[in-house]
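This is what each chain is made of:
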Amino acid sequence: MLAIIKKELLTYFKSMTGYIFMACLLFFVGLFFVLSNLMMASPQYIDVLSNITFVFLLVVPILTMRLIAEEARQKTDQLLLTSPLSLVKIVLGKYFGAVLVFLLTLIISFIYPIILTTMGSINWGEIIGGYIGFFLFGCALIAVGLFISSTTESQVIAAVVTFSALLLLWFIDAIINSLPTDRTSGMIFAAILAAAIAFIFYMATRNWYVSGGILLAGVLAIAAGYIIKPSFYSGFIARVLNWFSLLSRYDDFAMGIFSISPIIYYISFAGVFNFLTIRMLEKKRWS
Amino acid sequence: MIEVKNLTKRYGQHLAVDSINFTVENGEILGFLGPNGAGKSTVMNILTGYISATDGQALINGIDVLEQPEEAKKMIGYLPEFPPLYGDMTVTEYLNFVADIKNVTGSERKNSMEKIMDLVKIADVRGRLIKNLSKGYKQRVGLAQALIGNPEVLILDEPTVGLDPNQIIEIRKLISSLRKHHTIILSSHILPEVNAVCERIIIINKGKIVASDTPENLSKGLVDSSRLNLRIAGQEKQVLKAINEIEGVKQAESQGSREPGTVDVIVEADPNVDIRKPLFNAMSRASYPILMMKSMDMTLEEIFLQVTTREEGVS
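Residues numbered from 1 in each chain as written. Chains lettered and ligands numbered in written order. Predicted model: local features only at pLDDT ≥ 70, side-chain atom pairs only at ≥ 80, totals over all residues. Heavy atoms only, no water.

S.K.: Please give an account of the packing of helix H7 (residues 87-109) of chain A against helix H15 (residues 260-286) of chain A that cites residues and values.
M.R.: Axes are the key here: two packed helices are described by the angle between their axes and the distance separating the axes. All names here are of chain A. The geometry of H7 relative to H15 is characterised by a closest axis approach of 10 Å and an angle of 130 degrees between their N-to-C directions. As far as their axial angle goes, H15 and H7 are oblique. Of the two elements, H7 crosses H15, and the hand of that crossing is right-handed. For the pair formed by H7 and H15, the contact residues are Leu 87, Val 88, Val 91, Leu 92 and Tyr 95 on the first element and Ala 270, Asn 274, Thr 277, Ile 278, Leu 281, Glu 282 and Arg 285 on the second. Among the residues making up the contact of H7 with H15, the classes are represented as eight nonpolar, two polar and two charged. (Axes fitted to C-alpha atoms, helices over the stretch in contact; angles between N-to-C directions. Helix = DSSP H or I, 4+ residues; strand = E, 2+ residues; numbered from the N terminus. Parallel < 35°, antiparallel > 145°, perpendicular 65-115°, else oblique. Left-handed = near helix turned anticlockwise from the far one by under 90°. Contact = heavy atoms within 4.5 Å. Nonpolar A, V, L, I, M, F, W, Y, C, P; charged D, E, K, R; others polar.)

If you want it as structure tokens, here you go:
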């Protein structure tokens, strides 16, 4: 795995992508630092971090578009996949390569709070907590980008799709607020979910009986849920979509609260997308 | 040793490889021959664990590539059809990376690296970016990559594509010299190449093995008679008459005269009988000096055409 990480770092800094990513992120951190800390004479550095979370939309695709798409296009994936390395190590190696570049950028940006200390006292605990949240938030998004990069051979497609996916994750809170919350729409949504799961299962296995069984079990569960506890379906859509609301998990960090649940959420989010990436590559071999 | 049992690969409805069986002994060089799209690369990709088989087994030294991929892959060096090179790396960086992922470390790494670079003659470009190298050099860097870690089994997919004639000869020599310590499978659609290097040839067409033997036996086995091309000093009619009297001769046909006072004859004989000695004795008794005698075995090109255009296989 170390070999892959080393190679990814080498590639990032031999081509322009690593520098562009760092420059982009550092530029916006610097800009907001000047605007909200220096000009306003405010010691609240943590606001800078939460203000620039949107910059991820632009910079994460830069970091992740190349990761797997380019290997597939150049056919260098043949070297990796026929080497004694396991698929898990290859994918994690690539993931941590990208994460390290991100971490390096954050370490450099640490210069700003240090500048602030020369002018007064700041709350270090709050800033370090904010940085941890910011870092994990980025890690979750990088995992999404990695997964999208594994689905295509074109860097441009990977970048555009990653950008759109992140944009959607961004707007999900706004979407949730405007969705219907009554029980009927909740049940319809649950039925659509069950059908989608059955369909995905059918696409993966081509087994009518099992996917039919899943659909049936889903419908029965929905009906049973309605009989036992009808209130379950009030606001059901919002609750499901809320699972994907990365930004709302950042609220605690933005307010200077250090809590464990968003940390676990981000780590599991990244874990799920790394797992999906591994499955994606595995599937390519079996097709 | 490589064993392939009932290997099948299906892409949707298309059958790319149709239950292929073969074995390659230790130290053997096997040539894989077939027209484009016959399934050569697919078989190689399965053997190296790049793609999975729909059915069947591929064993490297008794280890199943699909069941214990990491163990099996340690023993394989693979040069795919397109050398998997990172253009942004220099040759040294690239080979170091390959050594890293193959877990070649310490002094072994340093020694083998120098040796391999000398062997494939890329030591002079070691500091250059791979994307700036010529096709021939890229191909050789690809070969160097396959040799790192000194794997027992080498699988080379068209190793001489894109090289100039001198380089082709060098690479062939190199492959022949590797034979002692490696088991090699080599694919190609260039016939003389396979003929020059391989001890055994498998011809594959439309996913099936259509012929498998040594180059010599292939040339002999596929024809129903052995043919000799002769140039004999003497009168055409008398010479033909004398030849026809020899036992085992099926047919003698004059090709006219190319040198004054001589006649060129093509003699077809029973494939089981060596008629060269009786022929020499008969001609010498009749005092018709033989000026030239050439066996006319089928060339690999002819065999190739014959087996790949025929309906049924002769494996």
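S.K.: Run through the interface of chain A and chain B, naming residues and quoting values.
M.R.: One frequent convention defines the size of an interface as the accessible area lost when the parts assemble. Listed by partner, the interface residues are 23 residues for chain A and 30 residues for chain B. Both sides together, the interface formed by chain A and chain B hides about 2500 Å², and carbon and sulfur atoms give 63% of it. Interface area lost by chain A to chain B is led by Gln 78, Leu 79 and Pro 84 of chain A, which between them contribute 27%. Applying the counting criterion to the chain A and chain B interface returns two salt bridges. Here Lys 14 of chain A makes a salt bridge to Glu 93 of chain B, at a shortest N to O gap of 2.9 Å. Joining chain A to chain B, the criterion identifies 10 residue pairs in polar contact (both at pLDDT 80 or more). For the side of chain A that touches chain B, the element with the most residues is helix H1 (residues 2-14) of chain A, which contributes six residues. Class assignment for the residues of the side of chain A that touches chain B results in nine nonpolar, seven polar and seven charged. (Buried area = accessible area lost by both parts, 1.4 Å probe. Salt bridge = Lys/Arg side-chain N within 4 Å of Asp/Glu carboxyl O. Polar contact = N/O pair within 3.5 Å; in protein donor to acceptor, adjacent residues only side chain to side chain.)

S.K.: Can you tell me about the side chain of Thr 64 of chain A, naming the residues and giving the values?
M.R.: Checked against the element boundaries, Thr 64 of chain A lands in helix H4 (residues 56-64). Filtering out sequence-adjacent residues up to four positions away, Thr 64 of chain A remains in contact with Ile 142, Gly 145, Leu 146, Ser 149 and Thr 162 of chain A.

S.K.: Any details on the pattern of salt bridges? Residues and values, ideally.
M.R.: For the structure on display, the rule yields 23 salt bridges over all chains. Note that Glu 70 of chain A is salt-bridged to Arg 73 of chain A, the shortest N-O span being 3.2 Å. On the criterion of helical spacing, the pair formed by Glu 70 of chain A and Arg 73 of chain A is a turn pair, its members being three residues apart in helix H5 (residues 69-74). For Arg 73 of chain A, a relative accessible area of 48% translates into the label partly exposed. Put simply, Lys 241 of chain B and Glu 245 of chain B hold a salt bridge, and the shortest N to O gap is 3.9 Å. By relative accessible area, Glu 245 of chain B is classed as exposed at 60%. Among the ionic contacts, a cluster of salt bridges with common partners joins Lys 7, Glu 8, Arg 66, Glu 71 and Lys 94 of chain A. (Buried < 20%, exposed > 50% of the residue type's maximum accessible area, 1.4 Å probe, protein only.)

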